[in-house]
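Next come the chains, spelled out residue by residue.
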Amino acid sequence: MKKTTLLGGMTPAIFLRDYWQKKPLLVRQAIPGFAPLMPTAELFALAARDDVASRIVSRTARRWDLQHGPFPAMPSGSAGRRDWTLLVQGVNLHHAGADDLLRRFRFISDSRLDDLMISYAADGGGVGPHVDSYDVFLLQAQGQRRWRISAQDDLTLVDGLPLKVLKHFTPEQEYVLEPGDMLYLPPQYAHEGTALGECMTYSIGFRAPAYQELGEAFLQFMADSIDLPGRYADPGLKPTGQPAQLDTAMLAQVAQALQKVRFTDDDIAIFLGEYLSEPQAGVFFMPPARKQSAAAFSAAAARRGIVLDLKTKMLYRGRHVFINGESFAVERADRSVLAALANARGLAASEATGISDDVREALHLWYCDGWLKLA
Ligand code: SIN
Ligand code: CO
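Rules of the game
Residues numbered from 1 in each chain as written. Chains lettered and ligands numbered in written order. Predicted model: local features only at pLDDT ≥ 70, side-chain atom pairs only at ≥ 80, totals over all residues. Heavy atoms only, no water. Helix = DSSP H or I, 4+ residues; strand = E, 2+ residues; numbered from the N terminus. Contact = heavy atoms within 4.5 Å. Areas by Shrake-Rupley, 256 points an atom, 1.4 Å probe, with all protein chains shown as cover. 1 Å grid on protein atoms, 1.4 Å probe; cavity = no way out; pocket = protein on both sides within 12 Å on 5 of 7 lines; lining within 4 Å. Points joined across faces, edges and corners; volume = space filled by probe spheres on them. Core = buried A, V, L, I, M, F, W, Y, C linked by side-chain atoms within 4.5 Å. Buried < 20%, exposed > 50% of the residue type's maximum accessible area, 1.4 Å probe, protein only. Domains from an automatic or database assignment. Buried area = accessible area lost by both parts, 1.4 Å probe. Salt bridge = Lys/Arg side-chain N within 4 Å of Asp/Glu carboxyl O. Phe/Tyr/Trp six-rings, centres within 6.5 Å; stacked < 30°, edge-to-face > 60°. Axes fitted to C-alpha atoms, helices over the stretch in contact; angles between N-to-C directions. Parallel < 35°, antiparallel > 145°, perpendicular 65-115°, else oblique. Nonpolar A, V, L, I, M, F, W, Y, C, P; charged D, E, K, R; others polar. Donors = N, O, S within 2.8 Å, 3.2 Å for Na, K, Ca; no water.

## Structural notes on the overall build of the chain
So, point 1. Within the chain, the regular secondary structure consists of ten helices and 15 strands.
So, point 2. When the backbone C-alpha atoms are referred to their principal axes, the chain occupies close to 80 × 70 × 45 Å.
So, point 3. Sequence separation of at least 24 residues holds for 77% of the intrachain contacts in the chain that already meet a minimum separation of 6.
So, point 4. Put simply, the chain shows about 20,300 Å² of open surface, and 54% of that area lies on carbon and sulfur atoms.

Quick look at the structure:
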């Protein structure tokens, strides 16, 4: 891949080798002449919606306060004068421009790419010194923000606050970001952003699931597919003098039966694909107002092409296709067209012609669910 201003004139390969998950990178004018994707009024309107996750963090001299949206109105009066920040999560799910911006980072797989969060801060606003468990690119969109960062190991938090604020923050570097500037931070890297005047910052975040979270979800997934025939039996039962004691023979027999629970790499692939393509809680799809029949839809798709909905998450691996938490086993001949759909997040008219009945049927089903639409 080519060198890009987005990474300070580096190729994605060099960036990933030297910085990703390792150390911060400040890129001046990562996006030269960057203009905000939306005015603040539009961001505030998103924060008023109940299908959009938003928070307001505010601070007085002695107190941090955290509130969860939706917010019909922004702080005003004396509350509006103090330091406050509005954080709106998943803007890419609702705004095509935000989705485009997120996808400029697609040299990293969709399995890692999470969302675009936009923060708006009044002068002096910030969420305090903290660490995130995510990799994040902090792109300055409007106004100025001062970032102070530290490689410190002491991640002790201040007790009793509604948000995670580091108790001992010892900044090592300080940068003031102008619109178009961007700061990459690996997970667990201490940072504190402070608005110098009103400002907006876009966070492009990459999720990394905790193994505990993955393990719990995997066991739940396996519970649905487990197949253990037979039932405990004890034709050779002997009388017991300690009726309350768990029987040794029973324990051995059950242990042997449960050791038969096995999982294959294919189980793991299906689990992971479903897990990573699962829409977040609170994400809803809008089915088309007037659904076209399968035949009419296919004819229109072959004329106009199709695009995935902004909220759709689609992945694939081998014969498995994953879309919005569901998996499908796909015939060999159909794999390339579905891979093209997932990679390009759409199919051109020419690609939507001459597809198999199975794919046609799946596309119509996904169209009816609001997962994709005609281009
Ligand atoms: C912000 O944009 O105010 C917070 C982003 C972050 O520190 O992760
Ligand atoms: Co952060």
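## Description of the side chain of His320
So, point 1. With respect to the helices and strands, the residue His320 is situated in strand 12 (residues 320-323).
So, point 2. Residues within four places of His320 in sequence aside, it is in contact with Asp266, Ile270 and Phe328.

## Examining empty space enclosed by the protein
So, point 1. As enumerated under the stated definition, the model contains three cavities of 30 Å³ or more in all.
So, point 2. The space that makes up the largest cavity amounts to roughly 270 Å³.
So, point 3. Every residue lining the largest cavity is counted, 22 residues in all, and those nearest its centre are Arg103, Leu113, Asp114, Thr312 and Lys313.
So, point 4. For the lining of the largest cavity, the secondary-structure elements that each account for two or more residues are helix 4 (96-103), strand 5 (113-121) and strand 11 (314-317).

## Quick word on the nonpolar core
So, point 1. Judged by nonpolar contacts, the single largest core of 43 residues is most densely connected at Phe15, Leu86, Phe105, Leu116, Phe137 and Ile204.
So, point 2. Taken together, the elements giving at least two residues each to this core come down to strand 1 (25-27), helix 2 (40-47), strand 4 (83-88), helix 4, strand 5, strand 6 (135-150), strand 8 (182-185) and strand 9 (190-206).
So, point 3. Beyond its immediate sequence surroundings of up to four residues, Ile204 is in contact with Leu102, Phe105, Leu113, Asp115, Leu116, Asp135, Val136, Phe137 and Leu139.
So, point 4. Of all hydrophobic cores here, the second largest spans 28 residues; its members include Ile323, Val337, Trp366 and Tyr367.

## Re the domain arrangement of the chain
So, point 1. The domain boundaries assigned to the chain delineate domain 1 (5-206) and domain 2 (210-225 + 261-375).
So, point 2. If you average the C-alpha positions of domain 1 and of domain 2, the two centres end up 31 Å apart.
So, point 3. Facing the twelve residues of domain 1 at the interface are twelve residues of domain 2.
So, point 4. Summing the contributions of domain 1 and of domain 2, the shared interface buries around 930 Å²; its carbon and sulfur component is 52%.
So, point 5. Of all residues in domain 1, Leu93, Arg106 and Ser111 give up the largest surface area on contact with domain 2, accounting jointly for 47% of the area buried on that side.
So, point 6. Where domain 1 meets domain 2, there are zero salt bridges.

## A few points about the packing of aromatic side chains
So, point 1. If you walk through the whole model with that rule in mind, you get 22 aromatic pairs.
So, point 2. A ring pair is formed by Phe105 and Phe107, whose centres lie 6.5 Å apart and whose planes are at 40°; its orientation type is tilted. Just as Phe105 is buried, Phe107 falls in that class too.
So, point 3. Taken together, a centroid distance of 4.3 Å and an interplanar angle of 20° make the contact between Phe297 and Tyr367 stacked. Of this pair, Phe297 sits in helix 8 (residues 294-304) while Tyr367 is found in helix 10 (residues 357-368), placing the two residues 70 residues apart along the sequence.
So, point 4. Tyr367 gets classed as buried once you look at its relative accessible area, which sits at 5%.

## Remarks on the packing of helix 8 against helix 10
So, point 1. Close contact between helix 8 and helix 10 brings their axes to 10 Å; oriented N to C, the two are set at 100°. Comparing their axes, helix 10 and helix 8 come out roughly perpendicular. Two secondary-structure elements touch here, helix 8 through Ala294, Phe297 and Ser298 and helix 10 through Arg360, Leu363, His364 and Tyr367.
So, point 2. Its residues assigned to classes, the contact of helix 8 with helix 10 comprises four nonpolar, two polar and one charged.

## Some thoughts on the coordination of the cobalt ion (ligand 2)
So, point 1. Coordination of the cobalt ion (ligand 2) by the protein comes from His130 (NE2), Asp132 (OD) and His191 (NE2), over a distance range of 2.0 to 2.1 Å.
So, point 2. For the cobalt ion (ligand 2), the single-chain donor residues occur in sequence as H-x1-D-x58-H. Highlighted residues: Asp132 in the loop between strand 5 and strand 6 and His191 in strand 9, separated in sequence by 59 residues.
So, point 3. Its relative accessible area of 27% is what places Asp132 among the partly exposed residues.

## Points about the layout of surface pockets
So, point 1. Each pocket or cavity is described by its volume, and for the largest pocket that value is around 900 Å³.
So, point 2. As for the largest pocket, its lining consists of 33 residues, and the residues nearest its centre are Arg55, Met117, His130, Val131 and Asp132.
So, point 3. Broken down by secondary-structure element, the contributors of at least two residues to the lining of the largest pocket are strand 2 (54-59), strand 4, strand 5, strand 6 and strand 9.
So, point 4. It is strand 9 that contributes the most residues to the lining of the largest pocket, five residues altogether.
So, point 5. The class makeup of the residues in the lining of the largest pocket is 13 nonpolar, 14 polar and six charged.
So, point 6. By volume, the second largest pocket amounts to about 300 Å³.
So, point 7. Taken together, 17 residues form the lining of the second largest pocket, with Met286, Asp309, Gly370, Leu372 and Lys373 sitting closest to its centre.
So, point 8. Per-element tally for the lining of the second largest pocket: the top contributor is strand 15 (residues 372-374), with three residues.
So, point 9. Along the lines of polarity and charge, the residues of the lining of the second largest pocket split into nine nonpolar, three polar and five charged.
So, point 10. Here the lining of the second largest pocket spans two domains, and each of domain 1 (5-206) and domain 2 (210-225 + 261-375) adds at least three residues to it.

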